[in-house]
Amino acid sequence: MPQDTAPHAQLAPNLAEVRRRIADAAKAAGRAPEAVTLLAVSKTFEAGAVSAALDAGQRAFGENYVQEGVAKIATLASLREELQWHLIGPLQSNKTRLVAEQFDWVHSVDRLRIAERLSEQRPLGIASLQICVQVNISGEESKSGFTPQETDAAVLAVARLPQLRLRGLMAIPEPAEGEAPSRAPLAAMRKLFDQCNAALSAAGLAPMDTLSMGMSADLETAILEGATMVRVGTAIFGARDYAGAGKGLAR
Ligand SMILES: *Cc1c(COP(=O)(O)O)cnc(C)c1O
C-alpha cells in the first residue's frame, strides 16, 4: 500500500512541529507535556499515511467515518498491536457492532442507546472499549452531543456499563472570532469535566482522566483550558480532500 514514501516526507516534520506546539502550550499552562496526548486525525488519508506517521512515533489515530476506519484497520492489521484507533465521528446504531469489535476508543457517544449497544457488542476477552461522552458545548443545532445539563446523568450511566470504560468528555466547540469567545466554551468544558468527576466520586465511581478538545487551529487554547487529548488532522497530514471520504476509500 505505501508504494512511495515521498508523498509522506512532510509527515515527520509536521508531527515534530505539532509536538513542539503541544509542549510549549503545556509549559505555558504550567502542565507537563506528557499530560497531553496527541491524537492524529487520519480521516480521508490512506493507510500508508498512518503507517508513515507510526514510523515517526505516532500511535493513536482518529477516524470520523466507520467504514473508512474499519477499512484502514484491516489494511494495517499486521500493525494492530502498535496502533490505537479512536472513532471521533458520529455513530449510528446500525454501525455500533463494527465499532465495538474493531476500535479502541469512541469519543462520540451522544446517546445512551449507543453506549448500551457498544457495551453489549464489545467482545468479551478483549480490553474494555474506552469512552468519551460528547458534549454539545456551544449548543449548536447541527452538532451532536449531550447538553451540558444532561451530561452528569450521561456519565453516571455510561460509567456503569460493563464492557465500557468511561475516560472523559469530548467537545467540538463552534469556531469563534477572538480570544475570549474562543476560550469560553473550552473553559466551560473544563468546569463541566470537574463537576462530572465530583458526581462520579459521590456515586463511588472512578473519575474520568480525559478531556478531548482542541484541533489544529486551537490546540494551544484548549491545552491552556485543560485539554488532555488534542485531535489534530490538518497540521499533521495536510489539507483534506473529501472526495473519497466516508466510502472507505483510501485515496
Ligand atoms: C476532523 C476533525 C478533527 C481534526 O481537525 P483539524 O482541524 O484538521 O485538526 C478533530 N476532531 C474532529 C471531531 C474532527 O472531525
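Above this note sits the structure.
My aim in this report is to walk through the structure given alongside it, one point at a time. Note that this is a predicted model, so its numbers are computed, not measured.

## Regarding helix H3 (residues 66-75)
No. 1: Turning to H3, its buried residues number three or more, namely Val66, Glu68, Gly69, Val70, Lys72 and Ile73.
No. 2: Packed against the buried residues of H3 are helix H2 (47-55), strand S2 (60-63), strand S3 (84-87) and helix H4 (96-102).

## Some points on helix H7 (residues 179-202)
No. 1: For H7, which comprises 24 residues, the first-to-last C-alpha distance of 35 Å matches the rise-based estimate of 34 Å (1.5 Å per residue) to within 8%.
No. 2: Every buried residue of H7 is listed here: Pro185, Leu186, Met189, Leu192, Phe193, Cys196, Asn197, Ala199 and Leu200.
No. 3: Downstream of H7 by a residue or two, Gly204 has a phi angle that is positive, lying close to 75°.

## Considering the packing of aromatic side chains
No. 1: Counted by the stated rule, this structure contains two aromatic pairs.
No. 2: A centroid spacing of 5.3 Å and a plane angle of 25° characterise the contact between Phe45 and Phe237, whose relative ring orientation is stacked. Within this pair, whereas Phe45 is found in the loop between strand S1 (37-41) and H2, its partner Phe237 is found in helix H9 (residues 234-237), the two being separated by 192 residues in sequence.
No. 3: Taking relative accessible area as the criterion, Phe237 reaches 11% and is therefore assigned buried.

## So, the packing of helix H6 (residues 148-159) against H7
No. 1: With their axes 10 Å apart at the nearest point, H6 and H7 run at an angle of 45° to one another. By the angle between their directions, the pair H6 and H7 is classed as oblique. The handedness of the crossing between H6 and H7 is right-handed. Residue-level inspection shows Pro148, Thr151, Asp152, Val155, Leu156 and Ala159 of H6 in contact with H7, the latter providing Leu192, Gln195, Cys196, Ala199 and Leu200.
No. 2: Of the residues belonging to the contact of H6 with H7, the class tally is eight nonpolar, two polar and one charged.

## As for unusual backbone geometry
No. 1: A positive phi is found at Thr44, a non-glycine position, where the angle reads about 75°.
No. 2: Among the structural elements, Thr44 can be located in the loop between S1 and H2.
No. 3: Residue Thr44 is classed as buried on the basis of its relative accessible area, which comes to 2%.

## Comments concerning the state of the cysteines
No. 1: Taken as a whole and assessed by the stated rule, the structure comprises zero disulfides.
No. 2: We note that Cys132 lacks a disulfide partner, and the nearest cysteine sulfur, in Cys196, lies 12 Å from it.
No. 3: You can call Cys132 buried: its relative accessible area is 0%.
No. 4: On the basis of relative accessibility, which here comes to 0%, the residue Cys196 falls in the buried class.

The rules behind these values
Numbering of residues begins from 1 in every chain and follows the order in which that chain's sequence is written. Where totals are concerned, whole chains, interfaces and linings use all residues; where local detail is concerned, this predicted model gives features only for residues with pLDDT of at least 70, and gives and counts side-chain atom pairs only at 80 or more. As a convention, hydrogens and water are excluded, and side-chain values are obtained from all of the structure's heavy atoms. Per-residue accessibility, obtained with a 1.4 Å probe over protein chains only, is compared with the maximum for each type, and a residue is labelled buried under 20%, exposed over 50%, and partly exposed between these values. Under the scheme used here, helices are H or I runs from DSSP no shorter than 4 residues and strands are E runs no shorter than 2 residues, and both carry numbers assigned from the N terminus. Contact criterion: two residues are considered in contact whenever any of their non-hydrogen atoms come within 4.5 Å of each other. By this rule the span expected of a helix is its residue count minus one, scaled by 1.5 Å. Each Phe, Tyr or Trp ring (for Trp, its six-membered ring) is paired with any other whose centre lies within 6.5 Å, and the angle between the two planes then decides the class: stacked below 30 degrees, edge-to-face above 60, tilted in between. Fitted lines through C-alpha atoms give the axes, limited to the stretch in contact for helices. The angle between two N-to-C directions lies from 0 to 180 degrees. Small angles under 35 degrees read as roughly parallel and large ones over 145 as roughly antiparallel, with 65 to 115 read as roughly perpendicular and the rest as oblique. Handedness of a crossing is defined here by the sense of rotation of the near helix relative to the far one, left-handed for an anticlockwise turn of less than a right angle and right-handed for a clockwise turn. Residues were grouped as follows: Ala, Val, Leu, Ile, Met, Phe, Trp, Tyr, Cys and Pro as nonpolar; Asp, Glu, Lys and Arg as charged; and all remaining residues, including Gly, as polar. Pairs of cysteine sulfur atoms within 2.5 Å are identified as disulfides in what follows.

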